[in-house]
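Chains, contacts and geometry: an overview
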Amino acid sequence: MAPAAWGHAPLRVAIIGCGHVGLVTGACLAAIGHRVICVDRVAEKIRMLEKGRLPIYEPHLAELIQQSRAAGKLTFSNTSGRAARDTEVVFLCVGVPLLDSGEADFSALDSAVQEIARAVKTTKLIVERSTVPVETGKQLKHLLSVYSRSHRTVFRVAANPQFHREGRAVEGFFHPDRILLGVGDDRSERTLRRLYAPILKQSFPCPVHARNCPPRKPPKLLLTNVHSAELIKHASNAFLAVKISYANVLADLCERLGGNVDEVTQAMGIDPRIGSRFLEAGIGFGGPRLPKDLRALCRLAERAGADAGILQAAEDINLRRVDVLFEKAKRSLWVLKDKRIGLLGLAHKVGTDDVSGSPAVELWKRLAAAGALIHAYDPQAMAEARRAHSGIACGADAYEVAKNADAVVIATDWEEFRNLDWQRVRDMMARPLVLDCRNLLSPARMKELGFEYHSVGRPGD
Ligand SMILES: NC(=O)c1ccc[n+]([C@@H]2O[C@H](COP(=O)([O-])OP(=O)(O)OC[C@H]3O[C@@H](n4cnc5c(N)ncnc54)[C@H](O)[C@@H]3O)[C@@H](O)[C@H]2O)c1
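Residues numbered from 1 in each chain as written. Predicted model: local features only at pLDDT ≥ 70, side-chain atom pairs only at ≥ 80, totals over all residues.

**With respect to the overall build of the protein chain**
Each helix and strand in the protein chain was counted, giving 19 helices and 13 strands. Overall, the protein chain is about 75 × 50 × 45 Å in size when its C-alpha atoms are taken along their principal axes. Out of the 461 residues in the protein chain, the part that is buried amounts to 48%. Partitioning the contacts of the protein chain with sequence separation of at least 6, the portion at a separation of at least 24 is 72%. (Helix = DSSP H or I, 4+ residues; strand = E, 2+ residues; numbered from the N terminus. Buried ≥ 20, exposed ≤ 12 C-beta atoms within 10 Å, placed from the backbone. Contact = placed C-beta atoms within 7 Å.)

Here it is, written out as structure tokens:
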């Protein structure tokens, strides 16, 4: 296990909020040698973590947590105040959801800040890790001093947003392309440089790939003020959302004009000014973050009196994506009532068990409301999906849900679905019809196997 932060003096770190961001940040900082205490106000979550069970699925996270706990580098607690008092750096990783009004809901941040301010007696660095609207740091600094019981306590506030993709978050933490530090003073910068020194120098044995980890380029260190760091995170997520909606506009154009969206986006993506990632046509984006961050930036722009038309258009296009795929299913099956559909995928994207705002679940709702009899399978997200939507019937594997089905619908792009024995699937279906909402499979190969195959923006669609 990790010795003292791989040649750098370790820091004592408190992580407030044991959701995806808090657990990944806490476990990874502990793995590079820091002493970390992860806090959550939900006592049941802490009991679960102490028993070695995780509230979320993220590749490699369970092993890291187990190793860091065994090495005495990682502990859990449900009192933020004490954890903040006994550490040097406090990461705020609580959720900042949107209210129905479109405004950010700061209540979790507010209560965390009150607890911290009242308990802390010495100079403390507070780091925003959550995605927050611009100027949140300024407000946090003000509230920390308002709630503080000691006039001599100095709170420094920095922003260090997390950019890693769910499903690749642990790997992304150890090998990021950039580390963004939004700081307002030299001391905060020095502390955060020390915290990230092993990552900045790539000077630690990678806990994910061990000996097989190829040499990596050190990440870029981006130093900005706190406002810019807050804006960069929102702006990045909103840009990715725009890119996906743009690819979906191209897919619709290809379907009407006879192009192939894969050829178009692949050729565009070779241009380094454009890049191919997220230029992917399909069922659109969901999950707890991209839609929220896009909405929040729209709202911020409106409030600031800036033209947010491009963001609004990306959101509208995305909201219509499930309708587009539902209509395709209806066109192919003609009548949906009592048709048996095998739904492959429930997670909002590959690599996660998260179903919040999942387009796959939205499609399930639309098909179920039209009377289709749906049997779903997802390698990770079935428990979460059933918890959130009691009516979802699930099968043990992809073959089970395909058996006697009138159609199979691919709604999440798990590799497992690409690698199915599709000949076997065809033989067990009542009608060999596949609707591929993620362009996961090759149309030529599926036709060769005798499927009626429909995807998004490719010839034949
Ligand atoms: N999940 C991601 O991949 C990701 C990536 C980048 C940024 N973000 C952003 O980071 C933030 C957190 O995301 P998440 O997915 O981890 O959220 P989450 O809602 O899953 O987890 C937040 C946790 O904080 C706890 N909490 C709330 N108030 C608390 C308090 N006062 N004291 C202690 N614990 C408290 C909650 O019980 C919950 O367990 C959000 O702003 C999100 O937009 C998330």
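**As for the environment of A376**
Residue placement: A376 occurs in strand β10 (residues 373-377). Owing to 25 C-beta atoms within 10 Å, A376 belongs among the buried residues under this scheme. When the C-alpha atoms of A376 and I392 are compared, they prove to be 7.2 Å apart, with 16 residues separating the residues in sequence. Look past the residues within four positions of A376 in its chain and what remains in contact with it is L343, L346, W364, I392, A393, C394 and V401.

**Describing the site of the ligand**
Close contacts around the ligand come from 25 residues, with G17, G19, G95, A108 and S130 the closest. Listed by contribution, the elements that provide at least two residues to the shell around the ligand are α1 (20-31) and α5 (107-119). Residue classes in the shell around the ligand are distributed as ten nonpolar, ten polar and five charged. (Near = placed C-beta within 6 Å. Nonpolar A, V, L, I, M, F, W, Y, C, P; charged D, E, K, R; others polar.)

**Digging into the sheet that holds strand β13 (residues 452-454)**
Where strands meet in a sheet, backbone hydrogen bonds hold them as pairs that are either parallel or antiparallel. If you walk across this open sheet you meet the five strands as β10-β9-β11-β12-β13, and the pairing is parallel. With partners counted over all chains shown, the strands left at the sheet margins are β10 and β13, one partner each. Between one strand axis and the next, the sheet turns by 20 degrees as a mean value, whatever way the strands run. One ladder, built from three bridges, connects strand β12 (residues 433-436) with β13; its direction is parallel. When the bridges of β13 are listed, V434 appears paired with Y453. Packed onto the sheet, helix α14 (residues 359-369) meets β9 (340-344) and β10 and runs at close to 160 degrees relative to β10. (Pairing = 2+ DSSP bridges. Axes fitted to C-alpha atoms, helices over the stretch in contact; angles between N-to-C directions.)

**Focus: the packing of helix α9 (residues 226-257) against helix α10 (residues 261-270)**
Interhelical geometry of α9 versus α10 gives an angle of 140 degrees and a closest axis separation of 9 Å. Considering the angle they form, α9 stands oblique to α10. Handedness of the α9/α10 crossing: right-handed. For the pair α9 and α10, the contacting residues are A247, L250, A251 and C254 in the first and V261, V264 and T265 in the second. Its residues placed into classes, the contact of α9 with α10 shows six nonpolar, one polar and no charged. (Parallel < 35°, antiparallel > 145°, perpendicular 65-115°, else oblique. Left-handed = near helix turned anticlockwise from the far one by under 90°.)

**Looking at the packing of α9 against helix α12 (residues 309-319)**
Running from amino to carboxyl end, α9 crosses α12 at an angle of 55 degrees, the nearest separation of the two axes being 9 Å. With respect to α12, the axis of α9 lies oblique. Crossing geometry of α9 relative to α12 is assigned as left-handed. For the pair formed by α9 and α12, the contact residues are A238, A241, V242, S245, N248 and V249 on the first element and I310, L311, A314, I317 and N318 on the second. Class assignment of the residues belonging to the contact of α9 with α12 gives a composition of eight nonpolar, three polar and no charged.

**Some remarks on the domain arrangement of the protein chain**
You'll often see interface size given as the accessible area lost when the parts meet. The assigned domain composition of the protein chain is domain 1 (5-224), domain 2 (233-319) and domain 3 (321-454). Just the C-alpha atoms count here: the centres of domain 1 and domain 3 sit 37 Å apart. Facing the six residues of domain 1 at the interface are six residues of domain 3. The residue makeup of the side of domain 1 that touches domain 3, split by class, is three nonpolar, one polar and two charged. (Domains from an automatic or database assignment.)

**Examining the environment of A398**
Along the chain, A398 turns up in helix α16 (residues 398-402). C-beta crowding within 10 Å serves as the criterion here: with 24 such atoms nearby, A398 is assigned to the buried category. Here the alpha-carbon distance between A398 and A301, two residues 97 residues apart in the chain, equals 44 Å.

**Some words on helix α13 (residues 321-333)**
In a regular helix each residue adds 1.5 Å, so 13 residues correspond to 18 Å; α13 covers 19 Å between its end C-alpha atoms and thus fits that length. Taken residue by residue, α13 has R321, V322, L325, F326 and A329 as its buried positions. End-on view of α13: buried residues confined to an arc of 135 degrees, all on one side of the axis. Exposed and facing more than 90 degrees away from the buried side of α13 are D323, E327 and R331. For α13, the secondary structure elements touched by its buried residues are α9, α12, α14, β11 (407-410) and β12. Phi turns positive one or two residues past the end of α13, at W334, with a value near 70 degrees. (Expected span 1.5 Å × (residues − 1). Arc of directions from axis to C-beta.)

**Details of helix α3 (residues 61-70)**
All of the buried residues along α3 are L64, I65 and S68. Taken end-on, α3 shows its buried residues confined to a sector of 95 degrees, consistent with a single buried face. Summarising the contacts, the buried residues of α3 are in contact with α1, β3 (74-77) and α7 (169-174). G72 occupies a position one or two residues after α3 and carries a positive phi of about 75 degrees.

**Thoughts on unusual backbone geometry**
Comment: phi is negative for the bulk of residues other than glycine, and the bulk of peptide bonds are trans. Phi angles above zero are rare outside glycine, and N404 is one such case at about 60 degrees. Structurally, the position occupied by N404 is in the loop between α16 and β11. For N439, which is not a glycine, the phi torsion comes out positive at approximately 50 degrees. Residue position: N439 is located in the loop between β12 and α19 (443-448).

**Observations regarding the pairing of strand β7 (residues 178-182)**
Burial runs high along β7: four of the five residues are buried. One ladder, built from five bridges, connects β7 with strand β8 (residues 220-224); its direction is parallel. What sits directly across from I179, in β8, is L221.

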